Amino acid sequence: MGKCSTPKTRLNSPMQHKAAAVEPNGRDTMNFSPIEPGDSMAGLPERPAGKFVYHGGSRPLEGYTIKRAIGQGGFGEIYYATSDAGKEVALKLIRRNLDVELRGIRHCLNLKHPNLLALYDIRQDNEGDTWVVMEYASGGCLQDAVADNPRGLPVDKALAWFHGIAAGVAYLHDRGIVHRDLKPGNVFSDEGFVKVGDYGLSKFISCSRRSGQTESVGTVHYMAPEVANGRYGKEIDIYAMGVMLYEILTGRVPFDGESVGEVLMKHLTATADLSALAEPYRGVVGRALEKDPRKRFQSIAEMAAALPSATQGAAGAGMPPGKFTAASAAAIGGMPPPGQEKEVVEARVVDEEPILRMVQDSFEKLRTAWDEANLTTPVKVALLVLGLFVLLAGSGTLIPLAVMLLVVYGGYRVVRMLVLSGQSPDGTATRPTVVQPPPVAQKAAAPPRSSPPRSPPGHRGVDRAQARPGHGQRHPRYRHHYHPHEEAAMALVLKPRRERFAELVGSLLIGSLSALVMCVVVVLLISYHGAVPRPEQCAWLALMSIAGTWAVLIPSKFWEGTLGEAALRRFVMMLVGLGLGAVAFGVASALMVDLPYPRDFPEPSNYQLPDGFYLQGRPLAMAYMACFGTLFLLMRWWRQADPLRVSRLSIWPLVVSTAMAGVVAAAWHFPQPWLPMVAVCVAVSVQLASPWVHPSKRARPRKSRPRKSQPRKA
Amino acid sequence: MNPRQNDNFMLWVDAVGGFLVCPADEVTLGQPIRCDIVDVPILGDISNRHARIQRDGEGYLIKAIRDVRLDGRPVGRVGRLADGSRIVLGEGVRLVFRRPHALSGTARLEFDSHHRTQPTADAVLLMADACVLGPNRHCHVVCRDWTREVILYRHDEQLYCRTEGKFQIDGVRHENRGPLSRGSRVEGDGFSLNLEEL
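Residues numbered from 1 in each chain as written. Chains lettered and ligands numbered in written order. Predicted model: local features only at pLDDT ≥ 70, side-chain atom pairs only at ≥ 80, totals over all residues.

Caption draft 1: Seen up close, the overall build of chain A. Of the regular secondary structure elements, chain A holds 25 helices and 9 strands. Across the 714 residues that make up chain A, the buried fraction comes to 43%. Long-range pairs, those at least 24 residues apart, make up 73% of the contacts in chain A with a sequence separation of at least 6. (Helix = DSSP H or I, 4+ residues; strand = E, 2+ residues; numbered from the N terminus. Buried ≥ 20, exposed ≤ 12 C-beta atoms within 10 Å, placed from the backbone. Contact = placed C-beta atoms within 7 Å.)

This is the structure:
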């Protein structure tokens, strides 16, 4: 091997690991640096660049030199390294804060099977960290292969993977070892052989603090229901293989959710939707996914026998055709090699309605431009104020126009929904059977079929571009795999209650302050535009802005980190809105506020005001409640408080809030422009007050704190 | 070991892969026995010097020393390479030639068979002026989770790294661009890589 660059060793203070104080707003303040202070002429970097502790050239273990990082594993990072002689290995770092016991792994050290990733050794470095030295698999992992085939792999490749995994796991079971952590991220391809890795490691790391701690979301998709009860045997591996088989064939997992708890619940109670699979796969997956372990296949061999054997030109089971490397698989874009037809694949119907999508896309572009314009927050606020002014100036004509457009669009949407009434609950059109087992003879004879629904390479590039951070939420099937914020979201969900409460209190205070400031701004705008509001009106505005901000911040705090079910949240928010409306009425009455209709809005006498709502042209409690309730129902306010939103202060929510409030108020004949004023104050305050995790901090791993070990996405 | 005439180096990109980078206009492929004359050492059933790939202006040529097949047909003396060309050296060593970026002369050689280079690399980069790393398909190195492109380029025999924003080379902060040596480490927002001299 050639000479390496001067090895840069890590700052060797073990205390660095423990210095992981987390600020109340979720930001990780740890600032270890893998670079020696003397190297940096400009002083220590403000934050560590890159995600990995070690870099090429380091030698944490005697006899091995790290070349590069491979990725983040379940318990720590994995590196590609070579021994001094040139033998390539994978080094897995087990973080020292986890309870580490050597008992379980010793059994696994000497297992040998062509479909198992060999474990060479376990070593400790000078820092006290434990490293597992294991075989390096140069092909990619199954997770990458699935990601490159979002609609599922071709059947022969899928079977090749499956039978390889089955052979390895059968060997483990024969030796009395349950893998416990089977998932596509732990299955690799190496020169055409399937290698199952990470066996024995989940027992190795005895999470004695496991009670109350949950596995990271990545693992839980493959977890059998009985694991939650703590009593399980090798059937859990069969369950996991069922989940993996489903995922290999369809590109998605059978049970998915926005939070660990949700996925677990589905494992425990929901039945998987197997309609996308044809026989015999449907039967096999169905039996493997039985909730009762006694009803599943009792052995891997039984499960494998129920499937066709791997139909593959290359020798034997366990040989996926073509080489999957991280580079080549991604580069080729998942196109199967020539001579290999893709099986029946139907395009997925776009779940969103095209006009809405177009509008959203253009606003998305505007929003991205705004976010990437590198403006500081004060400049943004100034621009927003200006924009507000412009909007208010033109609101006389804009609002009726907007109402009309919305009504027309609403009608169109209803008609469309009726027409497409064959939809399944998740919004996709009925899918024709995705996978059909090919009779062997037919496959050999049939010429490659050009399947137009298969997305052409150019489009695939767009798909991947769309799956980048910020767009991740628009592609549900990528969510559990490549949600770039998954770790950050997990951290939010697992935040201790006290911290969450403290954050909330802080947010409420900041929110109140900014609400007041926004009120002043808005009042100034209004004054310029029309009559100066009277003091009691300003007071009403201020109080309602504060109340509105609180009304959004509090539920959002509990919904942090999870996406939840929109309909339920809207309902809750609507109730909150109704309450807010009642408060508004109360405040208005108490202060004896008169909310008049401004001059340039149409006079109330032009409209037939509903009797229960209005008395002598002044709104009653019902009107208040109706307005606030509708406003809170129609908008997803909690998204503005999401710590993982794209940017701290974003223009799109403000525009929408104001416009929506205007429309709602017009619909309920509420005096303008009071509702939009409240709405814009609330929107700005909520965004300014909510914690926000900077994107660069979202992908970084959080070091475990001394008292709690944080689960990690595997 | 005899000094090599070409300045090849390894590019290790964290969480992506390792790449053998050959900046020269002509590279020799062959067995790893003669490291001084072979730029792309391949552990395969081929001869010491089996073929040469030459960058000729904007195009690439493959010159067969031993038996080489290009897209199924034997190459007499010279063959022209295009994006997607399939090269077979000897009996079983199958390579794919790629030029993913329309504006760059840099090409990528990947293995279609299970053979490997020595030292193992995920692909060979025949670097012209610049090498683009990023999340898009047109990048020479596709880095799935990256949010931006990082470009390594040559100017006057010196290597540079260019990307948006701030990053560090060997601990020194740079913005938008900075010089590299053949043993440098680059760390930026969401990416890290290092070079290794061979």
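Caption draft 2: Molecular detail of the overall build of chain B. What chain B contains, in helices and strands, is 0 helices and 21 strands. By the burial criterion, 47% of the 198 residues in chain B qualify as buried. Within chain B, contacts between residues at least 6 apart in sequence are counted, and of these 37% link residues at least 24 apart.

Caption draft 3: Region of the structure containing the sheet that holds strand β4 (residues 40-43) of chain B. In spatial order, the strands read β9-β6-β5-β3-β4-β13 (chain B); together these 6 strands make up an open sheet with mixed pairing. Two strands bound the open sheet, and with one partner strand each, they are β9 (78-81) and β13 (116-117) of chain B. (Pairing = 2+ DSSP bridges.)

Caption draft 4: Fine view of the confidence of the model for chain A. Residue and element names in this part refer to chain A. Summing up the model confidence of chain A, the mean pLDDT is 70 and the portion of residues at 70 or higher is 65%. The spread of mean pLDDT over the elements of chain A runs between helix α11 (residues 326-332), the lowest at 33, and strand β7 (residues 193-196), the highest at 94. Between residues 312-351, whose pLDDT stays under 50, and residues either more than four places distant or in other chains, the model counts 108 contacts. Contacts of residues 700-714 to residues separated by more than four positions or lying in other chains number 43 contacts, the stretch itself having pLDDT below 50. (pLDDT = per-residue confidence, 0-100.)

Caption draft 5: Spatial organisation of the packing of helix α19 (residues 497-529) of chain A against helix α24 (residues 674-689) of chain A. Residue and element names in this part refer to chain A. Contact geometry for α19 and α24: axes closest at 8 Å, N-to-C directions at 140 degrees. With respect to α24, the axis of α19 lies oblique. Once α19 is placed against α24, the crossing between them reads as right-handed. Across from S507, I510, G511, S514, A515, M518, C519 and V522 in α19, the residues of α24 making contact are M677, V680, C681, V684, S685, V686, L688 and A689. Considering only residue class, the contact of α19 with α24 consists of 12 nonpolar, 4 polar and no charged. (Axes fitted to C-alpha atoms, helices over the stretch in contact; angles between N-to-C directions. Parallel < 35°, antiparallel > 145°, perpendicular 65-115°, else oblique. Left-handed = near helix turned anticlockwise from the far one by under 90°. Nonpolar A, V, L, I, M, F, W, Y, C, P; charged D, E, K, R; others polar.)

Caption draft 6: How the structure looks around the confidence of the model for chain B. Considering every residue of chain B, the mean pLDDT works out to 90; 97% of them sit at 70 or more. With pTM at 0.53, the complex prediction returns an ipTM value of 0.89.

Caption draft 7: Spatial organisation of the sheet that holds strand β4 (residues 119-124) of chain A. All names here are of chain A. An order of β1-β2-β3-β5-β4 is seen for the 5 strands of this open sheet, with the pairing classed as antiparallel. Only two strands of the sheet have a single partner each, and these edge strands are β1 (64-72) and β4. The average undirected angle you get between the axes of adjacent strands in this sheet is 30 degrees. Two elements, β1 and strand β2 (residues 77-83), share 7 bridges in a ladder whose sense is antiparallel.

Caption draft 8: Seen up close, helix α21 (residues 566-591) of chain A. Residue and element names in this part refer to chain A. Its 26 residues place the ends of α21 36 Å apart at the C-alpha level, agreeing with the 38 Å of an ideal helix rising 1.5 Å per residue. Here α21 has its buried residues at M573, V576, G577, L580, G581, A584 and A588. Residues of α21 that are buried in the fold lie against α20 (535-558) and α22 (621-634). Immediately downstream of α21, the backbone of M592 shows phi near 55 degrees, a positive value. (Expected span 1.5 Å × (residues − 1).)

Caption draft 9: The arrangement of the environment of A276 of chain A in detail. Its location among the elements puts A276 of chain A in the loop between α8 (260-269) and α9 (281-288). Along the backbone, A276 of chain A and T250 of chain A are 26 residues apart, and their C-alpha atoms lie at a distance of 7.1 Å.

Caption draft 10: Region of the structure containing the nonpolar core. Residues and elements named next belong to chain A. Core analysis: the biggest nonpolar cluster contains 142 residues, and L91, M241 and L245 have the highest contact counts within it. Excluding anything up to four places from it in sequence, L245 contacts F162, Y281, V284 and V285. Listed in part, the 61 residues of the second largest apolar core include A551, A584, L631 and L654. (Core = buried A, V, L, I, M, F, W, Y, C linked by C-beta atoms within 7 Å.)

Caption draft 11: Main features of α20 of chain A. Helix length check: α20 of chain A, at 24 residues, gives a terminal C-alpha distance of 35 Å against a target of 34 Å (1.5 Å per residue), a fit within 8%. Among the 24 residues of α20 of chain A, 17 are classified as buried, and the element is accordingly described as predominantly covered.

Caption draft 12: Spotlight on the packing of α20 of chain A against α21 of chain A. Residues and elements named next belong to chain A. The geometry of α20 relative to α21 is characterised by a closest axis approach of 10 Å and an angle of 160 degrees between their N-to-C directions. Between α20 and α21, the interaxial angle falls into the category roughly antiparallel. Both α20 and α21 take part in a crossing whose hand is right-handed. Residues E536, A539, W540, L543, M544, A547, G548, A551 and P555 of α20 lie in contact with α21, whose contacting residues are V572, M573, V576, L580, V583, A584, V587, A588 and L591. Here the contact of α20 with α21 is built from residues that sort into 16 nonpolar, 1 polar and 1 charged.

Caption draft 13: Molecular detail of the pairing of β2 of chain A. All names here are of chain A. Within β2, 5 of the 7 residues are buried, leaving the element largely enclosed by the surrounding structure. Alignment of β2 against strand β3 (residues 88-94), held across 5 bridges, turns out to be antiparallel. Across the sheet, the residue bridging to Y79 is L91, located in β3. Counting the residues that bridge the hairpin from β2 to β3 gives 4 residues, and of these G86 lies at a positive phi of roughly 115 degrees.

Caption draft 14: Quick look at the pairing of β9 of chain B. All names here are of chain B. Burial along β9 is one-sided: G79 and L81 are buried, while V78 and R80, pointing the other way, are not. Strand direction decides the pairing type here: strand β6 (residues 59-64) and β9, joined by 4 bridges, are antiparallel. Residue pairing across strands places I62 opposite G79, the latter belonging to β9.

Caption draft 15: Fine view of unusual backbone geometry. In this model, E279 of chain A is joined to P280 of chain A through a cis peptide bond whose omega is 0 degrees. Relative to the assigned elements, P280 of chain A resides in the loop between α8 and α9. Note the cis peptide between Q118 of chain B and P119 of chain B, where omega equals 10 degrees. Positive phi is not limited to glycine here, since R180 of chain A has a value of about 75 degrees. Structurally, R180 of chain A can be placed in the loop between α4 (155-174) and β6 (187-190). Notably, E157 of chain B is not glycine yet its phi reads approximately 65 degrees, a positive angle.

Caption draft 16: Focus on the environment of R645 of chain A. Residues and elements named next belong to chain A. Position of R645 relative to the elements: it lies in the loop between α22 and α23 (651-667). Given 19 C-beta atoms within 10 Å, R645 falls into the partly exposed group. When the C-alpha positions of R645 and P695 are compared, they lie 9.0 Å apart, and in sequence the two are 50 residues distant. Leave out the neighbours within four places in its chain, and R645 touches R639, S650 and W692.

Caption draft 17: Expanded view of the environment of V220 of chain A. Residue and element names in this part refer to chain A. Within the element layout of this structure, V220 appears in helix α6 (residues 217-220). C-beta crowding within 10 Å serves as the criterion here: with 25 such atoms nearby, V220 is assigned to the buried category. Taking the C-alpha atoms as reference, V220 lies 9.2 Å from G261; in sequence the two are 41 residues apart.

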